[in-house]
Amino acid sequence: EADLRIRDGCDHAMAEAKMLTIEDIIFGAKERKSLDKDSKQKDELVISCLRSLAMDAVQQANSGHPGTPMAMAPVAYALWARILNYDPDSPQWMNRDRFVLSMGHASMLLYGLLHVAGVKEMTQEGHSTEKMAVSLDDIRNFRQLGSRCPGHPEFGETGGVEMTTGPLGQGVATSVGMAMASKWFASNFNKPDFPLFGFDVFALAGDGCLQEGVSAEAASLAGHLKLNNLCWIWDNNQITIEGNTAWAISEDIPTRFIAYGWNVLRVGDANDVEALTRAFLAFRREQERPTLIVVDSHIAWGAPTKQDSFHAHGTPLGEKEVAATKHIYNWPNEKFLVPNEVKEHLRQQMAQRGGCNCQQWEKMLEEYKTQYPEEGKLLQNLLDGRLPDNWDRFFESFPADPKGLATRQSSSACLNYVSKGMPWLLGGSADLANSCLTTLKDAEDFLPPASRWGHYRGRNLHFGIREHAMGSVMNGLALCKLRPFGSTFLVFSDYMRPPIRMAAIMEVPSIFIFTHDSIGVGEDGPTHQPVEQLCSLRCIPGLSVFRPADANECVEMWKHIVPLQDEPVAVVLSRQALPTLDRQKFSSASGLHRGGYILHDSSSSCPDLILMASGSEVHLMLEAHEVLSQQGVNVRSVSMPCLELFKMQPQDYIDEVLPRQCRARVSIEAGRHHSWGSLIGIDGEHVGMISFGASGPSKRVQEEYGFTKQAVVNAANRVMSGRPQEMSTRALGLLSWKKRRLSK
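Predicted, not measured: the structure shown is a model, and the values here were computed from it.

Colleague: I keep staring at the confidence of the model for the chain and nothing clicks. Help me out?
Modeller: Across the chain, the average pLDDT comes to 94, with 95% of residues at or above 70. This model gives residues 1-9 a pLDDT under 50, and the stretch forms 17 contacts once residues within four places in sequence are excluded.

Quick look at the structure:
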């Protein structure tokens, strides 16, 4: 009923809003004196409702975090009711302000907001429905299996949730990518009289978020890029799970952010809605810097025995404490109470601002497409998730070449082919563009215009040596419908594993490019030679890991990756040159689209032996193939550029490539064996790494660690004779490596 009373006409709502603006309330003394007492009382009702919903839901679930929602309810209310440019009826409106709950453990604050604000559920096609994104029944089932209100907010599971949060620091770091996306959209599509884009990004963070290293990386980058459309709100309650924050941290955080180039504001009382509103308006007036608003708060505010206690951080308050707290709030001791006047008060304010702005934006977009048809078509494709027509027209195949190219080189050429056909592809590296070869040659740099080094319309991003933040920023860009890539050496993927995992959980198509993929790195030694990283990445559900064997597999890889809409990928590339295979002799590289394919067969009958490999070891496999064929072995060689994709193929195809009756199998890869067990079986053997590598010329290191055709042939003979290398042999090899220092 609240919606029907509110949305009776945008013009009428705007006329009412003009009677008393926020600026009049805050900066006009007379207006401050005449502020409607009834309105202030309703403000308090909404805040008390949000607090009580959090207490009730956590208590019923007997699990969760009640204290932070109780403390931050006034902050959330001031932002959503008075500032946020957001339409609950169209929560995927592209120019909406983004609200990220970085401290995801306070999820009941967000669920309460979504319910009271009346945020609608959206279809997969992006159309609004009449169904609530979060119903009261959903809140009653907080933290239960299948509920729309999981323990931490999950993107795609609950309407109105901008991103999955929970691992502290990821939310604020990802919000930097969202703010960058807003700048990029505005610089590329806005025209005179058509300010289509310019959304702000707000992230609510706790002490833990700002202690995590990724937030420091991201804050440094945001300050450098002068993202004045970014606002972090710090819940400074001085409490973490173990107790007072003074036990673990004593630095001056506001001064640190000033050094990053941020505008820092402070609100001394989290319950002061007017002071909070002033701070948000001050953020809106800032022209050059991101803003940190420090909000001094009391965890579990109002709880007679739990306020300011770490016990309110991760456990229910208890029925008696909940009842006593509601009494202090002057709120009825009734569970899950949401009066109509509470919903109406918040929804009316949001409709007058965000609702009307959304309707006006939709009209503006249609006029824009009429006046600027080329840009309008491009933008509509981007918003709809459609690739431009003939986006792949720039691709070229590579001629056979025994010397070949490093796959980082051929992938670089492909990346630039994609860039020409897909104008919203953008990305960069963690200070390794010249090594990873990920610079877009015909694109500008994404930098503040005042720097004179670039512009916000640029597509070459400079992340600096901030791998962790790079991954999070990429996810923020992807959540705003752009197609980001980021690159570094494979061994440093460890620095950015959390955002890679988050990309897989959220199902966003971030592209993680990793070069220098094996002990083939050579002289840099074991610190830079990845050994376990391939297996580690392949363990992430929903992440496809591609390791192409030559230039033409790179071409097919990029043709496969670009159309993906809900799947992140890791691209793993060599430093050293690899031959470009003669596809007249070997099977077409288009087999890559099935993850693995028969590259070379000795005959058409069922093989006596199957060799399989990825990346640079494919060429070693083919060398061994020739030796074994000359010995009369009916051998099959299989290229496996993406194990995850291969395992998703129909079983008939898998059996065609790897016949079950052939149990003599050898896998070859310059990494650990764990990825290959399901493919080679208990009768197979893996030629790979047992220990870390060593510093030396690449070829000498590879020979030292058994990457020779003779080693592959020996392994093949063992499995064909039914005597594959035993597990204990690998263990002894590792033990021998550990003892090497003692023998020196």
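There is more to say, and it comes next.
Colleague: Explanation requested: the sheet that holds strand β12 (residues 511-515) in the structure shown.
Modeller: What links the strands of a sheet is backbone hydrogen bonding, and the strands pair in either a parallel or an antiparallel sense. Strand order across the open sheet formed by 6 strands is β10-β9-β11-β12-β14-β13, with parallel pairing between neighbours. With partners counted over all chains shown, the strands left at the sheet margins are β10 (460-462) and β13 (544-546), one partner each. On average, adjacent strands in this sheet sit at an angle of 20° to one another, irrespective of strand direction. Here strand β11 (residues 483-489) runs beside β12; their pairing, made up of 5 bridges, is parallel. Bridge pairing in β12 links F489 to T515.

Colleague: Looking at this structure, how should I read helix α16 (residues 340-371)?
Modeller: An α-helix turns once per 3.6 residues; consequently, residues spaced three or four apart project the same way. Here α16 spans 44 Å end to end across 32 residues, near enough to the 46 Å set by a 1.5 Å rise per residue. The axis of α16 is deflected most strongly, by about 45°, at A351.

Colleague: Help me understand the packing of helix α9 (residues 170-189) against helix α17 (residues 373-384), please; the structure alone is not making it clear to me.
Modeller: To characterise two packed helices, one gives the angle between the axes of the helices and the distance between these axes. Two elements in contact, α9 and α17, have axes separated by 11 Å at closest approach and are oriented at 155°. Viewed along their axes, α9 and α17 adopt a mutual orientation that is roughly antiparallel. Mapping the contact onto sequence places W184, F185 and F189 in α9 and E375, L378, L379 and L382 in α17. Among the residues making up the contact of α9 with α17, the classes are represented as 6 nonpolar, no polar and 1 charged.

Colleague: Before we go on, may I ask you to explain helix α18 (residues 407-421) in this structure?
Modeller: For α18, with 15 residues, the first-to-last C-alpha span of 21 Å sits near the 21 Å given by 1.5 Å per residue. Burial analysis of α18 places 12 of its 15 residues in the buried class, the great majority of the element. All buried positions along α18 are accounted for by T407, R408, S410, S411, S412, C414, L415, N416, Y417, V418, S419 and G421.

Parameters and conventions
Residues numbered from 1 in each chain as written. Predicted model: local features only at pLDDT ≥ 70, side-chain atom pairs only at ≥ 80, totals over all residues. Heavy atoms only, no water. pLDDT = per-residue confidence, 0-100. Contact = heavy atoms within 4.5 Å. Pairing = 2+ DSSP bridges. Helix = DSSP H or I, 4+ residues; strand = E, 2+ residues; numbered from the N terminus. Axes fitted to C-alpha atoms, helices over the stretch in contact; angles between N-to-C directions. Expected span 1.5 Å × (residues − 1). Bend = angle between axes of the 7 residues up to and from the residue. Parallel < 35°, antiparallel > 145°, perpendicular 65-115°, else oblique. Nonpolar A, V, L, I, M, F, W, Y, C, P; charged D, E, K, R; others polar. Buried < 20%, exposed > 50% of the residue type's maximum accessible area, 1.4 Å probe, protein only.

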